[in-house]
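# Fold and contact review
One letter stands for each residue in the lines below.
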Amino acid sequence: YMAAVMTMTAALILSFSRGALLLGIPVALATLILFWGGRRAVAVLSRLGVLVLLTLFALSGNPRVAELVNVSTGPTFFRINLWRSTLNMIRDVPMTGVGLDNFLYAYRGGYIAPAAWEEPNLSHAHNWVLDLAARLGLPGLAVGLWILAAFFQIGARVRRHIGDLDLGVLMSGLLASMVDFLAHGMVDASYWFVDLAFAYMLAMGLIVRLGNMVQSELQVG
């Protein structure tokens, strides 16, 4: 497991994925610390926050990091225009959305902002909230939020009653992965790719399984 973690960490750093390095991984680590740290977690999280700030300062000269504050060109500029275009899309079809796998065609077919003409082939909104609403409408977004709320509700119940250490480790990993999904997914792809959807559904299935196991143990007890 440690060899796998080291390999994935190296790949992650070399990718310079800003959504992962600045949002997804920090909040996932914070979730793990809160899960296992108890009252000491606040102090640990404070040190983690300082480490993140120092890392940002150390990487401030890197073009990919410097582009984060540039709203006139580059990725941040395109994200802002993409989100505005997606809001227009949702406003026009709030109840049904544009349909599954139709975001690309709707976006480049009429909703793309003139200033963002250089990137017309975007297949998702780079924000899971806007993505759900654009594809499935506001009712679809409501269902998505309900499913996520159920996930964390089951997770909280399992957290209170689980006694097995191995299952506790699995539980903390599932919670951290879903928090990563939500944080990283605010600025990038989150669900609408086969591998991401598989990981999401696997986490959902495992959390339900753990919830059923805990419920059975409580009934027997």
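Residues numbered from 1 in each chain as written. Predicted model: local features only at pLDDT ≥ 70, side-chain atom pairs only at ≥ 80, totals over all residues. Heavy atoms only, no water.

### A word on the overall build of the protein chain
Assigned secondary structure in the protein chain consists of 9 helices and 0 strands. Secondary structure elements in the protein chain, listed N-terminal to C-terminal, are α-α-α-α-α-α-α-α-α. With the C-alpha coordinates aligned to their principal axes, the bounding extent of the protein chain is approximately 60 × 45 × 30 Å. Counting every position in the protein chain, which comprises 221 residues, the buried fraction comes to 35%. (Helix = DSSP H or I, 4+ residues; strand = E, 2+ residues; numbered from the N terminus. Buried < 20%, exposed > 50% of the residue type's maximum accessible area, 1.4 Å probe, protein only.)

### Remarks on the packing of aromatic side chains
For the structure shown, the criterion picks out 6 aromatic pairs. Judged by centre distance (5.3 Å) and plane angle (75°), the ring pair of F77 and F78 falls under edge-to-face. Residue classification places F78 among the buried positions, given a relative accessible area of 11%. Ring centres of Y191 and W192 lie 5.0 Å apart, and the angle between their planes is 90°; this geometry places the pair in the edge-to-face category. When its relative accessible area of 25% is taken as the criterion, W192 is described as partly exposed. Three or more aromatic residues joined by ring pairs make a cluster, and in this case those are F181, Y191, W192 and Y200. It is R159 that lies over the ring of F35; its NZ or CZ is 4.2 Å from the centre. (Phe/Tyr/Trp six-rings, centres within 6.5 Å; stacked < 30°, edge-to-face > 60°. Lys NZ or Arg CZ within 6 Å of the ring centre and 35° of its normal.)

### Side note on the pattern of salt bridges
This model, assessed by the stated rule, comprises 2 salt bridges. Salt-bridge contacts for D92 lead to R91; the nearest nitrogen and oxygen are separated by 3.6 Å. Residue D92 is classed as partly exposed on the basis of its relative accessible area, which comes to 42%. Where D131 meets R135, a salt bridge forms, and the shortest distance between an N and an O atom there is 2.8 Å. (Salt bridge = Lys/Arg side-chain N within 4 Å of Asp/Glu carboxyl O.)

### Describing the side chain of N127
Its location among the elements puts N127 in the loop between helix 6 (103-111) and helix 7 (128-161). Only 3.0 Å separates the side chain of N127 from the backbone nitrogen of V129, close enough to count as a polar contact. Residues contacting N127, with those up to four places away along its chain left out, are W83, G185, M186 and D188. (Polar contact = N/O pair within 3.5 Å; in protein donor to acceptor, adjacent residues only side chain to side chain. Contact = heavy atoms within 4.5 Å.)

### Considerations on the packing of helix 7 against helix 8 (residues 165-184)
The angle between the axes and the distance between the axes are what describe a pair of packed helices. Orientation of helix 7 relative to helix 8, taken along the N-to-C sense of each, is 155°, at an axis distance of 12 Å. As the angle between them shows, helix 7 and helix 8 are arranged roughly antiparallel. Here helix 7 runs over helix 8; the crossing is left-handed. Side by side, helix 7 and helix 8 meet where W128, L148, F151, F152, G155 and V158 of the first sit next to M171, L174, L175, M178, V179, F181 and L182 of the second. Its residues placed into classes, the contact of helix 7 with helix 8 shows 12 nonpolar, 1 polar and no charged. (Axes fitted to C-alpha atoms, helices over the stretch in contact; angles between N-to-C directions. Parallel < 35°, antiparallel > 145°, perpendicular 65-115°, else oblique. Left-handed = near helix turned anticlockwise from the far one by under 90°. Nonpolar A, V, L, I, M, F, W, Y, C, P; charged D, E, K, R; others polar.)

### Looking at the packing of helix 8 against helix 9 (residues 194-220)
At a minimum axis distance of 10 Å, the contact between helix 8 and helix 9 shows a crossing angle of 140°. On the basis of the axis angle, helix 8 is oblique to helix 9. As helix 8 packs across helix 9, the resulting crossing turns out to be left-handed. Together, L167, L170, M171, L174, S177, M178 and F181 of helix 8 and Y200, A203, M204, L206, I207, L210 and M213 of helix 9 make up the contact between the two elements. Looking at the contact of helix 8 with helix 9 residue by residue, the class counts come to 13 nonpolar, 1 polar and no charged.

### Some details on the environment of Q153
Residue position: Q153 is located in helix 7. Taking the relative accessible area as the measure of exposure, Q153 reaches 56% and is therefore exposed. When the C-alpha atoms of Q153 and G211 are compared, they prove to be 9.7 Å apart, with 58 residues separating the residues in sequence.

### A look at helix 8
Taking 1.5 Å per residue, 20 residues should reach 28 Å; helix 8 reaches 28 Å between its end C-alpha atoms and fits that length. Between the side-chain oxygen at the start of helix 8 and the backbone nitrogen of D166 there is a gap of 3.0 Å, and the oxygen is on D164. (Expected span 1.5 Å × (residues − 1).)

### Describing the nonpolar core
One finds L148, F151 and M178 to be the most contacted residues of the largest nonpolar core, which totals 36 residues. Residue assignment for this core shows that the elements contributing at least two residues are helix 5 (74-92), helix 6, helix 7, helix 8 and helix 9. (Core = buried A, V, L, I, M, F, W, Y, C linked by side-chain atoms within 4.5 Å.)

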